[in-house]
Each structure stands twice: as C-alpha cells, then as structure tokens.
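Survey of secondary and tertiary structure
One-letter residues, chain by chain:
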Amino acid sequence: MSITSPPKVTPVVDARHFRDALSQFATGVTVITTRLPDDSFLGITASSFNSVSLSPPLVLWSLAQSANSLPVFTGNSHYVINILAADQAALANQFARPSKNRFEGVEFTLSPTGLPILAGVAAWFECHNRSRYPEGDHVIFVGEVECCDVSPQEPLVFHGGRFLSE
C-alpha cells in the first residue's frame, strides 16, 4: 500500500491568481441583449452562460453587481442570449467596451418580444427573466427559454484571457 500526501494547494486569497486559474477553463462567448426604457437597445458581452434544466428549459448567466446595466437586466421581463460564432470576436469586443451606441453598425433582427437577435450567431435564446440570485460580487440570472434557434457553426471560444480564433 502506498500513501501519498495531497498536493500543496495555493489558498484562494489573491484575486489575480484566482482569475488566472479560472482563465484555464475555456468558455463560449455571448452577447445578452434587452431594451432600455427609452426603447433603444442594450447589449453586453458575457462568458458566464450555462444550461440549467431541460424541463422547464432554463439557462443562467451572471453580471457584476457593479455593472451599470444591472438595474436594466434586473427590471426587464425578457432578454436574448446570443451565442457568438468563431468569426464574431470583433462583435464580442464591441459589446464589451463602453460606448454610447454598442449597436452601431450591427445587423440584427427582432425576437418575438422585440429584442435584438444578432446576425450570424450560432444560436440564440429568448428568455423570461425568471429569477436572480446575488452571490459574491455578481448576480446570477436564471432565464426560462421561451423560444430559441440554432445555426450550427464553430463557436467563439475564450481561454487564457483571449479568443482562440485570434
């Protein structure tokens, strides 16, 4: 019988070290869209997307509590999660950076509730804003999918602080 000591683990104290470790998990990239009170549109880039349940159809994503867009997403009844394709890194960057109009030059159609579905995405999910859970420095949004569509293609993947398609 062989007995080995467990490996030494660096405690999670340093935020940079924790973030570096998290960056080793490859994720897809989404743009979440909704409508502002003045009927213009809001969109943000997020990589914190996951499926929750098939029945009922539920997905989740998270947003920093410090985000200026948090009150809009918290208060709105619906949003669309756009799953970006491999050739849409520029679009991910456009929606990740501060701008007066992130939709400038962006092609889109409208969902059944009138929200932007970005052109060329691999899939999209229109969700009812079912529930929200504050955890740590983020809020977890659980959306009940009311409709979706798919256009199978290579995904945009984020790993190690960069897009793999770059």
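Throughout what follows, the structure given in this document is the object of discussion.

Definitions and cut-offs
Residues numbered from 1 in each chain as written. Predicted model: local features only at pLDDT ≥ 70, side-chain atom pairs only at ≥ 80, totals over all residues. Heavy atoms only, no water. Helix = DSSP H or I, 4+ residues; strand = E, 2+ residues; numbered from the N terminus. Contact = heavy atoms within 4.5 Å. Areas by Shrake-Rupley, 256 points an atom, 1.4 Å probe, with all protein chains shown as cover. Core = buried A, V, L, I, M, F, W, Y, C linked by side-chain atoms within 4.5 Å. Buried < 20%, exposed > 50% of the residue type's maximum accessible area, 1.4 Å probe, protein only.

1. A short note on the overall build of the protein
A tally of regular secondary structure across the protein gives three helices and twelve strands. With the C-alpha coordinates of the protein rotated into their principal frame, the extents come out at 65 × 35 × 35 Å. Contacts spanning at least 24 positions in sequence make up 63% of the contacts within the protein whose residues lie at least 6 apart. When the accessible surface of the protein is split by element, carbon and sulfur atoms take 56% of a total near 10100 Å².

2. Some details on the nonpolar core
In terms of nonpolar packing, the biggest core is built from 20 residues, with Ile32, Trp61, Phe73, Tyr79, Ile81 and Phe141 touching the most fellow members. Residue assignment for this core shows that the elements contributing at least two residues are β3 (41-46), β5 (58-64), α2 (70-75), β6 (78-83), β9 (123-135) and β10 (138-150). The next biggest cluster of nonpolar side chains, apart from the first, holds 17 residues, and it includes Leu115, Val121, Leu156 and Phe163.

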